[in-house]
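One-letter residues, chain by chain:
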Amino acid sequence: MAIAQTILTQDLADEIALVDAKPDKLRGEMLDLQHAAAFLPRTKITASVDYDVTAGSDLCIVTAGARQNPGESRLNLLQRNVALFRHIIPPLAKSSPDSILLIVSNPVDVLTYVAWKLSGFPVNRVLGSGTNLDSSRFRFLIADHLDVNAQDVQAFIVGEHGDSSVALWSSISVGGIPVLSFLEKQQIAYEKQTLEDIHQTVVGSAYEVIRLKGYTSWAIGYSVANLARTILRDQRKIHPVTVLARGFYGVDGGDVFLSLPALLGRNGVVAVTNVHMTDEEAEKLQESAKTILEMQSQLGL
Ligand SMILES: NC(=O)C1=CN([C@@H]2O[C@H](COP(=O)(O)OP(=O)(O)OC[C@H]3O[C@@H](n4cnc5c(N)ncnc54)[C@H](O)[C@@H]3O)[C@@H](O)[C@H]2O)C=CC1
Ligand SMILES: CC(=O)C(=O)O
């Protein structure tokens, strides 16, 4: 609902169709959004437990499924949410055979692979929200540390949207200035531990919010609306999102999906981009890929 409401307020769609398994909750959410019509751009809002309501969609955003209990890892949700995806993805893909599938449910990387398999869509039309959110958390923390605007911080978290994610310190820049080489040139001391602590705070972010308020919502709402804008408006912007990563940065061993900076547009994933990565960062990415592949191999898809 946070994603739907952010898309509405940002005037990104002519029509939004909501689907859920609980008809009363669904109708309640639909009416509550419709009642804001006088304050919003004109958007048709429909809802049904039947996937026919989504027919002919340009973009299908999948958020259904179990969420983490406090302290629970995302990967722990896998079996429950794969079972749901077997019911959700085939009718969704059948109703909108030309759409782009954007997966948000967790564990998002493995479920993006599952959605790709179950939909039969070409790989450019199936992606996951991945570390677009983690990278925003990362940029917020760096910006806070340096007391600058997060929009001026270019920084990527890649790999799993989860505990094995990788922070690409070597490519961070602020206002176009590479941060680490800037600090080194100015002989400003920085502790490797400070950098590690910032990454660990990113990894712990969702756990902390879930412990405090039970779930995460606003940041993922903005993160996915940001992806929807790039896709629906063909903005060809680069986002760290879950894509098929086989063959990039030494990732091999199978069809693994994880986050890499990718150029997005109206056709979905246009290209995976070539960012600078040190050998150590690439090794950590390959380790992250192994973690995801291990989970995928248990699925028999
Ligand atoms: N990738 C990311 O960064 C984020 C992912 N998530 C994930 O999104 C998922 C949903 O989280 P919340 O919205 O907080 O949970 P929620 O419990 O508020 O919503 C889940 C919805 O899925 C619906 N649902 C269950 N089975 C269904 C089915 N077969 N067909 C249609 N709808 C069905 C439920 O009725 C419920 O309304 C979780 O897996 C969570 O971990 C949440 C936040 C961020
Ligand atoms: C729940 C989740 O995956 C997040 O907020 O990062």
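In the nomenclature of an unreviewed UniProt entry, the protein chain is known as L-lactate dehydrogenase of Eruca vesicaria subsp. sativa. Checking UniProt for the protein chain, the heading Catalytic activity (unreviewed entry) contains the comment "(S)-lactate + NAD(+) = pyruvate + NADH + H(+)". Turning to the protein chain, the UniProt annotation filed under Sequence similarities (unreviewed entry) states: "Belongs to the LDH/MDH superfamily. LDH family."

(A) View of the side chain of E160. Following the sequence through the fold, E160 ends up in the loop between β7 (157-158) and β8 (166-167). Despite being buried, E160 has no salt bridge partner; R74 is the closest side chain of opposite charge, sitting 6.2 Å away. Of the polar contacts made by the side chain of E160, one reaches the side chain of S164; its length is 2.6 Å. Apart from residues no more than four positions distant in its own chain, E160 is found in contact with L75, D109, T131, S165, L258, S288, T291 and I292.

(B) Highlighting helix α1 (residues 2-9). Across the 8 residues that make up α1, a large majority, 6, are buried. Where α1 is concerned, the buried positions are A2, I3, A4, T6, I7 and L8. Each element contacted by the buried residues of α1 is listed here: β1 (15-19), α2 (23-34), β2 (44-48), β3 (59-62) and α8 (218-232). Remark: D11 follows α1 within two positions and exhibits a positive phi of approximately 55°.

(C) Region of interest: the sheet that holds strand β9 (residues 173-174). Read across the sheet, 3 strands follow the order β6-β9-β10 without closing on themselves; strand pairing throughout is antiparallel. Of all the strands in the sheet, the pair left with one neighbour each is β6 (153-154) and β10 (177-178). Pairing between β9 and β10: 2 bridges, direction antiparallel. Looking at β10, one finds that S173 is bridged to P178.

(D) Highlighting the packing of helix α3 (residues 78-95) against helix α4 (residues 108-119). Close contact between α3 and α4 brings their axes to 9 Å; oriented N to C, the two are set at 35°. Crossing handedness for the pair α3 and α4: right-handed. For the pair α3 and α4, the contacting residues are L78, N81, V82, F85, R86, I89, P90 and A93 in the first and V110, L111, V114, A115, L118 and S119 in the second. A breakdown of the residues in the contact of α3 with α4 according to their chemical character gives 11 nonpolar, 2 polar and 1 charged.

Reading guide: rules and limits
Residues numbered from 1 in each chain as written. Chains lettered and ligands numbered in written order. Predicted model: local features only at pLDDT ≥ 70, side-chain atom pairs only at ≥ 80, totals over all residues. Heavy atoms only, no water. UniProt positions renumbered as here; feature names shortened; annotations may be inferred. Helix = DSSP H or I, 4+ residues; strand = E, 2+ residues; numbered from the N terminus. Buried < 20%, exposed > 50% of the residue type's maximum accessible area, 1.4 Å probe, protein only. Lys, Arg positive; Asp, Glu negative; His and termini not counted. Salt bridge = Lys/Arg side-chain N within 4 Å of Asp/Glu carboxyl O. Polar contact = N/O pair within 3.5 Å; in protein donor to acceptor, adjacent residues only side chain to side chain. Contact = heavy atoms within 4.5 Å. Pairing = 2+ DSSP bridges. Axes fitted to C-alpha atoms, helices over the stretch in contact; angles between N-to-C directions. Left-handed = near helix turned anticlockwise from the far one by under 90°. Nonpolar A, V, L, I, M, F, W, Y, C, P; charged D, E, K, R; others polar.

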